[in-house]
Amino acid sequence: MRSLFYLTRATWKNRLAGIFKSPGKLIMYLVIIAGIVGLIVMTLSGGGTPAEPDEITDLVWFRGIMFAFLLLGFLPAIFRGLKQGTMLFQMSDVNLLFVSPIRPQSILLYAVIRTIGAALLGSIFIFFQGGLARTFGFAFGGLLVVFAGYVLVTIFIQIMTMSIYMFANGNEPRKRIIKIIALALFAPLLVVAGRAFLYTGGDIMATLEIIVYSPVMAWTPILGWVSNGTIAFLGGDILGGVLFYGAILAAGALLLIYAYVGGGEYYEDAMAVTETTYEKIRAVEEGQINAVFVTDKKTKVARTGLGGTGAKAMFYRHLREASRQNRTGLWGGFSLMLVAGAAGFAFLNRDGSIATILFIFMGLNIFRIEMSRGMKDLYSHYIFLIPESPLRKMIWSNMEVVFKITVETALAFILAGIIMGTSPLLILLAILAHVLFFLVLLGCQYLFLRWVGSHVNMLMQMTIYIAIIAIVLAPGAAAALFAGFWIGNSAGLLIGLIIFALWEFIAAIGCFALSKGVLHNCDMLIMDTRLTK
Amino acid sequence: MISVKNLTKKYGKLLANDGVSVQINSGQMAVLLGPNGAGKSTLIKSICGLLRFEGSITINGLDNKSSGAKKVLGYVPEMPVVYPMLTVGEHLEFIARAYKLTDWEDYAEELLTRFELTDKRKKLGKELSKGMQQKVSICCALLPRPKAVILDEPLVGLDPHAIRELKRILVELKTQGVAVMVSTHLIDSTERDWDTTYIMQGGKIVMECSRTDMEGESLEDIYFSITGTNQGEDK
């Protein structure tokens, strides 16, 4: 155990020394810390003025929001556990600790403690939810409770995933048992939801209200416990909060004991997922960016062959790859989710504006572009070596994603527009604004590549990328907002959208013109698998 | 054929290549040797137009970033990069289309046969082992019948048959007048066929020697006399 203390101490000592040795890194960390502290202070100061009693939303709704949010991580974790386990360990643990005479139980504890550290860091975003806290009438202390609950569940999920893997690895009957248990956990809530839907005649808001007030939600293991424990604390019921949080701790401890009893039996299971993940990371670092997206899923090779010549061959290659990746071709589950999400949002906000959907879509797509096939091409040498002009290569390597986004946007906005009763002209303008926004994003990516290159750390890349987008779009956005508010009503929205779309068009052309020749004047991209170098 | 003059490449503060000059003529095989971190891969990537650099690089007399130069250059990267969702056959078809090749099918067939890939024609990139991926990568580089070929550690991951075949191909390329540049740590593998050797250390060419200047010394002897036995890593 002393060796593990030494390992932890030495790792942190070297990490800190590394920061102090590099002034650039130190400044970057200071800026990040200052940013976080600033946001916390803003949250605190915002929370200092309590909301009016009639403005405060019932805490029960907060339980529903927390439950739904955590469900997004909980369910995939169960399936991940059935399939591949979790990343509690690193490759250095496998190679150095697993073969050492240190007790397996101590190693497991060390990994869990390390995970707690990562969970604490990953949960900082909770402190930025000042607006949410104000809506529900609690301040910084309340955010601390939410933070504790979130960290608790995050750690539990890690332990649960590993335990499921240890229990069910390669054993079909046991896998079935896990699936039945998972279904049984949520079945009562599903019954409540179904009944409420029928009872309210399909009124979604009324159905949701019945669900969040239902005691069945509060008693649903883990997610119900944590969300109910949180609102118990927030409502001043300390005993209730302790009981619910304690139940999660007890469940986590039981799973840990299960792993403990198994002694070193978890080595094989933990090693499998650690090695697979490590291989993928290494492949990505060595230029095989596609390794991340390769799955064990069997791919049927029905039709073969490509089309086009020169740079156009890249477009046809993308189409062929897409047809094999998804049965639905270019449009996968995410596209469907976007279209359904837009329709759902429109249904719940029939009096709202299509501009809201446009802003949500714009936000969602800022980082989505990074993983388009055209952008991924920049991580391998082929696109650089194809004997064609850089501009042609840029256009044809992005044709697939532009086509995909155009169809996706058109479908989502037309559907949402019809539900909201928006005029066809406004729908058309919103579609145009979104597609042009995507072109601006592409242009900004190339500008970034042309001027900054890829040899800065990922955090810096993201910051600069977002700054470029903000600078490029600011004049058009400001003019559109000014005109929109000045004219007002739907005519204002119409004029605002026209101005914004026009500016996007000019900005996109400008970005592409400025990054002309980029493929012959930049370094091939390297995937930085760490947040900082 | 491949001409590098005063090449300097920096990654931030790190000077990866420092005033490097290399000349490889048609029908010559140049071997690039050096310890890890000496700057070999950076030099190769710069020649292939994958990096920004200071200095001048020409291929067949053309600027290395021009389309004309790209048409006559073949590159086998250190790590084989294949498209997971493309079959072996489609990789070659993609190269043929992207380079606008005509009458390429027979040569593609020949390459697949020589590297024992004919039965893998319909296998997807993601289904191939690392060695197979390396073979596909080599076939892609050779399909356009380049006039200059650059190979970065090409033998790593290959099976004995493929190693023998690649060595034969390199000799054939030489006799066809192709300029060949090979970076390797396996000094023995190129002992028979090299014409010029460049030894790199600390981002610089510390020695250039041609076979005709050698007097009974092996490449290995020269390498260790230059780099020392306790070379370590340069970076």
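**Student:** Explain the state of the cysteines to me, using residue names and the numbers behind them.
**Tutor:** Evaluated as defined, the whole model comprises zero disulfides over all chains. Counting only cysteine sulfurs, Cys511(A) is the nearest neighbor of Cys444(A), a cysteine outside any disulfide, at a range of 4.3 Å. Lacking any disulfide linkage, Cys140(B) is separated from the closest cysteine sulfur, that of Cys139(B), by 7.0 Å.

**Student:** Can you tell me about the interface of chain B and chain A, naming the residues and giving the values?
**Tutor:** With 37 residues of chain B at the contact, the number on the chain A side is 46 residues. If you sort the residues of chain B by the area they bury against chain A, Arg52(B), Tyr83(B) and Met85(B) come out on top, with a joint share of 18%. Where chain B meets chain A, there are three salt bridges. Note that Arg320(A) is salt-bridged to Glu90(B), the shortest N-O span being 3.7 Å. For the interface between chain B and chain A, the tally reads 11 residue pairs in polar contact (both at pLDDT 80 or more). Looking at the side of chain B that touches chain A, the elements that each hand over two or more residues are strand S1 (2-11), helix H2 (67-71), strand S6 (73-76), helix H3 (88-98) and helix H5 (130-142) of chain B. Ranked by residue count, the leading element in the side of chain B that touches chain A is H3(B), at six residues. Here the residues of the side of chain B that touches chain A are counted per class, giving 21 nonpolar, four polar and 12 charged.

**Student:** Help me get a handle on the pattern of salt bridges, residues and values and all.
**Tutor:** Evaluation of the coordinates by the stated rule reveals 20 salt bridges over all chains. The salt bridge involving Asp377(A) is made with Arg317(A); its shortest N-O contact spans 2.8 Å. Within this pair, whereas Asp377(A) is found in the loop between helix H17 (373-376) and helix H18 (382-385), its partner Arg317(A) is found in helix H14 (residues 312-325), the two being separated by 60 residues in sequence. The two residues Asp377(A) and Arg317(A) agree in class, both being buried. In this structure, the salt-bridge partner of Asp18(B) is Lys204(B), at a minimum N-O distance of 3.6 Å. Pair noted here: Asp18(B) is in strand S2 (residues 14-24) and Lys204(B) is in strand S10 (residues 204-210), with a separation of 186 residues, a long-range link. Judged by relative accessible area, which is 26%, Asp18(B) ranks as partly exposed.

**Student:** Help me get a handle on the side chain of Ser163(A), residues and values and all.
**Tutor:** Within the secondary structure layout, Ser163(A) lies in helix H7 (residues 140-168). When sequence neighbours within four positions are dropped, the list of residues in contact with Ser163(A) reads Leu255(A) and Tyr258(A).

**Student:** Kindly report on the environment of Met79(B), identifying the contributing residues and their values.
**Tutor:** Residues and elements named next belong to chain B. In this structure, methionine 79 sits in the loop between S6 and H3. On the basis of relative accessible area, methionine 79 is assigned to the buried category, the value being 14%. Placed 31 residues apart in sequence, methionine 79 and cysteine 48 show a C-alpha to C-alpha distance of 15 Å.

**Student:** Which residues make up unusual backbone geometry, and what are the values?
**Tutor:** All names here are of chain B. With a phi close to 55°, asparagine 60 is a non-glycine residue in the positive phi region. Here asparagine 60 is to be found in the loop between strand S4 (54-59) and strand S5 (62-63). Despite not being glycine, arginine 145 has its phi angle at roughly 50°, a positive value. Within the secondary structure, arginine 145 sits in the loop between H5 and strand S7 (148-152).

**Student:** Describe helix H20 (residues 424-451) of chain A, and please don't skip the residues or the numbers.
**Tutor:** Look at H20(A): 40 Å from first C-alpha to last across 28 residues, which is about the 40 Å you get at 1.5 Å a residue. In terms of residue burial, H20(A) counts as a mostly covered element, since 21 of its 28 residues are buried.

**Student:** Would you mind going over the confidence of the model for chain B in detail, with residue names and values included?
**Tutor:** All names here are of chain B. Predicted confidence across chain B gives a mean pLDDT of 88, with 97% of residues reaching 70 or more. Contacts of residues 230-235 to residues separated by more than four positions or lying in other chains number 12 contacts, the stretch itself having pLDDT below 50. Scored as a whole, the predicted complex attains pTM 0.70, and scored at its interfaces, ipTM 0.75.

**Student:** Quick one: what's the story with the sheet that holds S5(B), residue by residue and with numbers?
**Tutor:** Residue and element names in this part refer to chain B. Spatial strand order, S2-S1-S4-S5: four strands in an open sheet with antiparallel pairing. The open sheet has two free edges, formed respectively by S2 and S5, since each of these has just one partner strand. With five bridges joining them, S1 and S4 adopt antiparallel strand pairing. When the sheet's bridge partners are listed, threonine 8 is paired in S4 with glutamate 54. Contacting S1, S2 and S4, helix H1 (residues 40-47) runs over the sheet at an angle of about 120° to S1.

**Student:** So what about the nonpolar core? Which residues, and what values?
**Tutor:** In this structure, Phe413(A), Leu43(B), Ile47(B), Phe94(B) and Leu143(B) are the most contacted members of the largest nonpolar core, which totals 135 residues. Considering each element in turn, this core owes the most residues, 17 residues, to H20(A). Ile47(B) has contacts with Ile2(B), Val4(B), Ile57(B), Ile59(B), Asn64(B), Leu73(B), Ile150(B) and Met181(B), leaving out every residue within four places of it along the chain. Within the second largest apolar cluster, 67 residues are counted, among which are Ala77(A), Val94(A), Phe138(A) and Phe147(A).

**Student:** A description of the sheet that holds strand S8 (residues 179-183) of chain B should follow, citing residues and the corresponding values.
**Tutor:** Strand pairing in a sheet takes place through backbone hydrogen bonds and is either antiparallel or parallel in direction. Residue and element names in this part refer to chain B. Spatially, the six strands line up as an open sheet ordered S6-S7-S8-S3-S9-S10, and their pairing is mixed. Only two strands of the sheet have a single neighbouring strand rather than two, namely S6 and S10. Here the average twist between neighbouring strands, direction ignored, is 15°. By the bridge criterion, four bridges tie strand S3 (residues 29-33) to S8 in an arrangement that is parallel. By the bridge assignment, alanine 30 is partnered in S8 with methionine 181. Contacts from H1 reach S3, S6, S7, S8 and strand S9 (196-201), with the element oriented near 150° to S7.

Parameters at a glance
- Along each chain, residue indices are assigned from 1 in the same order as the chain's sequence is written.
- Both sets of labels track the order of writing: A upward for chains, 1 upward for ligands.
- Note on the predicted model: pLDDT of at least 70 is required for a residue's local features to be given, and 80 or more for side-chain atom pairs to be given and counted; whole-chain, interface and lining totals, by contrast, use all residues.
- Only hydrogens and water are set aside when side-chain values are computed; all heavy atoms of the structure are taken into account.
- By convention in this document, the label disulfide applies to cysteine sulfur atom pairs within 2.5 Å.
- Should any heavy atoms of two residues lie within 4.5 Å, those residues are counted as being in contact.
- Throughout, buried area stands for the accessible area (probe radius 1.4 Å) lost by two parts on being put together, summed over both.
- Salt bridge, as applied in this entry: a Lys or Arg side-chain nitrogen positioned within 4 Å of an Asp or Glu carboxyl oxygen.
- Polar contacts here mean pairs of N or O atoms no more than 3.5 Å apart (in protein, one a potential hydrogen donor and the other a potential acceptor; neighbouring residues in sequence count only if both atoms are side-chain atoms).
- Strands here are runs of E lasting at least two residues and helices are runs of H or I lasting at least four, both read from the DSSP assignment and numbered beginning at the N terminus.
- Think of it as three bins: nonpolar holds Ala, Val, Leu, Ile, Met, Phe, Trp, Tyr, Cys and Pro, charged holds Asp, Glu, Lys and Arg, and polar takes everything else, Gly as well.
- Only protein chains enter the accessibility calculation, which uses a 1.4 Å probe. A residue is then buried if its area is under 20% of the maximum for its type, exposed if over 50%, and partly exposed in between.
- A helix's residues, less one, multiplied by 1.5 Å, set its expected span.
- Across the chain, each position has a pLDDT score giving the predictor's confidence in that residue, from 0 to 100.
- Should DSSP find at least two bridges between two strands, the strands are taken to pair.
- Angles shown run from 0 to 180 degrees and are taken between the N-to-C directions of axes, each axis being a line fitted to C-alpha atoms and, for helices, limited to the stretch in contact.
- What we call a nonpolar core is a set of buried Ala, Val, Leu, Ile, Met, Phe, Trp, Tyr and Cys residues that are connected through their side-chain atoms within 4.5 Å.

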